[in-house]
Amino acid sequence: MKRTARAFWVSAPGHGEIRDVVLPDPAKDEVLVRSLWSGVSRGTETLVFRGGVPESQHATMRAPFQEGDFPGPVKYGYLNVGVVEEGPAALLGRTVFCLYPHQTRYVVPASAVTPVPDSVPAGRAVLAGTVETAVNALWDARPLIGDRIAVVGGGMVGCSVAALLARFPGVRVQLVDADPARAKTAEALGVGFALPEDALGDRDLVVHASATEQGLARALELLSPEGTVLELSWYGDRRVSLPLGEAFHSRRLVIRSSQVGTVSPNRANRSYADRLALALDLLADPALDALVTGESDFEELPDLLPRLASGEIPALCHLVRYTDIG
């Protein structure tokens, strides 16, 4: 008898559907996972849903277990937490994180799952992929004790960065966002908050994650001389203009990129597995629950994604809840 599951696919830009999937029997070095939760990262996944991945970036943007191709049909996603139902004895019954799309059950190599620490609730563990991005960003940025830092953009990635920076000794962190409602999130994370026009200047480091041209320009304005903007935003197919005249050169400002697809060269002795395991350990902090802003059933995904993409449902990480439905 064939094993079956159900998966969410972007059938075409702006349209999604749930499809039946036939699962293979797991091999000796594979696991069968039953999903408990998955997460929709509003930035990247809604970009994919809208069909906004530039053709030049189709290969770079592929998720580890993606099926299909951009702009669609494509099965895309990378925040999944489930329980191992079959596999090696060391993993059997364990709650695990995997960079897998939205699917009720799936078979992957055992090496593709990471056990979730007992101190981390399964729902919060969905954030591991985003916290991993924040870990890599801070390895790239190398903040110092006592630094004055702004994080411009209060989405999932920006808030994750701010949450980790809040633990650095003597560091003064301000989350900057155009949405006043993000003040409550900043408070929960233990950092300050300001609207863009009220943000404190003379910052040693500004982490930019708003994915807007205006946010990046403001990030440059907030720097102290010889300060650095660490650019985490993904702009998809949009062109961005920068004010590189005026005082950019005389103040010796720096803009550098950071991207989770490669482990920071500042931590060349760490593997992808090391980085993800660290992110899961960091999720023991209940303050990170502030990044989860809603939840829906798996069957609601075809109706949910258009509402997230349009902004009708404001969200950081929206959880997808699974019951034992195949």
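Check the entry above for the structure.
Here is what the cut-offs are and how they apply
Residues numbered from 1 in each chain as written. Predicted model: local features only at pLDDT ≥ 70, side-chain atom pairs only at ≥ 80, totals over all residues. Heavy atoms only, no water. Salt bridge = Lys/Arg side-chain N within 4 Å of Asp/Glu carboxyl O. Helix = DSSP H or I, 4+ residues; strand = E, 2+ residues; numbered from the N terminus. Buried < 20%, exposed > 50% of the residue type's maximum accessible area, 1.4 Å probe, protein only. Phe/Tyr/Trp six-rings, centres within 6.5 Å; stacked < 30°, edge-to-face > 60°. Axes fitted to C-alpha atoms, helices over the stretch in contact; angles between N-to-C directions. Parallel < 35°, antiparallel > 145°, perpendicular 65-115°, else oblique. Left-handed = near helix turned anticlockwise from the far one by under 90°. Contact = heavy atoms within 4.5 Å. Nonpolar A, V, L, I, M, F, W, Y, C, P; charged D, E, K, R; others polar. Polar contact = N/O pair within 3.5 Å; in protein donor to acceptor, adjacent residues only side chain to side chain. Arc of directions from axis to C-beta. 1 Å grid on protein atoms, 1.4 Å probe; cavity = no way out; pocket = protein on both sides within 12 Å on 5 of 7 lines; lining within 4 Å. Points joined across faces, edges and corners; volume = space filled by probe spheres on them.

Participant: How should the pattern of salt bridges be read in this particular structure?
Facilitator: When the charged atoms of two side chains lie near each other, side chains of opposite charge can form a pair. With the rule as written, the count across this model stands at 20 salt bridges. Between Asp25 and Arg3 there is a salt bridge, and its shortest N-O distance comes to 2.9 Å. Here Arg3 lies in strand E1 (residues 3–12) and Asp25 lies in the loop between strand E2 (15–23) and strand E3 (30–41), a separation of 22 residues in the sequence. Given a relative accessible area of 25%, Arg3 falls into the partly exposed group. Note that Glu85 and Arg105 form a salt bridge whose closest N and O atoms lie 2.8 Å from each other. Residue Glu85 is found in strand E6 (residues 80–86), and its partner Arg105 is found in strand E8 (residues 105–109); the two are separated by 20 residues along the sequence. Linked through salt bridges whose partners overlap, the residues forming this network are Arg3, Asp25 and Glu86.

Participant: Would you mind going over the packing of aromatic side chains with me for this structure?
Facilitator: Each aromatic ring pair is summarised here by two numbers: the centre-to-centre distance and the angle between the ring planes. Summed over the entire model, instances satisfying the criterion amount to 5 aromatic pairs. Considering the side-chain rings of Phe65 and Tyr100, the 5.3 Å spacing of their centres and the 35° angle between planes classify their relative orientation as tilted. Of this pair, Phe65 sits in the loop between helix H1 (42–50) and strand E4 (67–68) while Tyr100 is found in the loop between strand E7 (95–98) and E8, placing the two residues 35 residues apart along the sequence. Site record: aromatic cluster; members linked through ring pairs are Phe65, Tyr100 and Tyr106.

Participant: It is not clear to me how unusual backbone geometry should be interpreted in this structure. Could you clarify?
Facilitator: Excluding glycine, a negative phi dihedral is what most residues carry, and trans is how most peptide bonds are arranged. Note that the residue after Phe70, namely Pro71, is joined by a cis bond; omega there is 0°. Position of Pro71 among the secondary structure elements: in the loop between E4 and strand E5 (74–75). Following Gly72, the chain continues into Pro73 via a peptide bond in cis, with omega recorded as 0°. With phi around 50°, Arg142 is a residue other than glycine that occupies positive phi space.

Participant: How do you make sense of the packing of helix H3 (residues 128–141) against helix H7 (residues 272–282) when you look at a structure like this?
Facilitator: In a packed pair of helices, the relevant descriptors are the angle between the two axes and the axis-to-axis distance. One way to put it is that H3 packs onto H7 with a least axis distance of 8 Å and a crossing angle of 110°. As judged from the angle between their axes, H3 and H7 are roughly perpendicular. Remark: the crossing between H3 and H7 carries right-handed chirality. Contact residues: H3 offers Ala128, Val131, Glu132, Val135, Asn136 and Trp139, while H7 offers Tyr272, Arg275, Leu276, Leu278, Ala279, Leu280 and Leu282. When grouped by side-chain class, the residues that make up the contact of H3 with H7 number 10 nonpolar, 1 polar and 2 charged.

Participant: Please explain the environment of Arg34 as it appears in this structure.
Facilitator: Mapping Arg34 onto the fold places it in strand E3. Taking relative accessible area as the criterion, Arg34 reaches 23% and is therefore assigned partly exposed. As for Arg34 and Ala163, which are separated by 129 residues in sequence, their C-alpha atoms are 30 Å apart. At 3.0 Å, the side chain of Arg34 forms a polar contact with the side chain of Glu85.

Participant: Can you help me understand H7 in this one?
Facilitator: Within an α-helix, residues lying three or four positions from one another point in the same direction, as the helix has 3.6 residues per turn. Regarding H7, the residues found buried are Arg275, Leu276, Ala279, Leu280 and Leu282. The buried residues of H7 occupy one face: seen down the axis, they fall within an arc of 160°. Next to the buried residues of H7 lie E7, strand E9 (113–115), helix H2 (122–125), H3 and helix H4 (156–165).

Participant: Would you mind going over empty space enclosed by the protein with me for this structure?
Facilitator: In this approach, a probe sized like a water molecule rolls over the atoms, and the result shows the empty space that is left. Taken as a whole and judged by the stated rule, the model has 1 cavity of 30 Å³ or more. Within this model, the largest cavity holds a volume of roughly 60 Å³. Lining the largest cavity, in full, are Phe8, Val10, Glu45, Val48, Phe49, Val74, Tyr76 and Leu305. Where the lining of the largest cavity is concerned, the elements lending two or more residues are E1 and H1.

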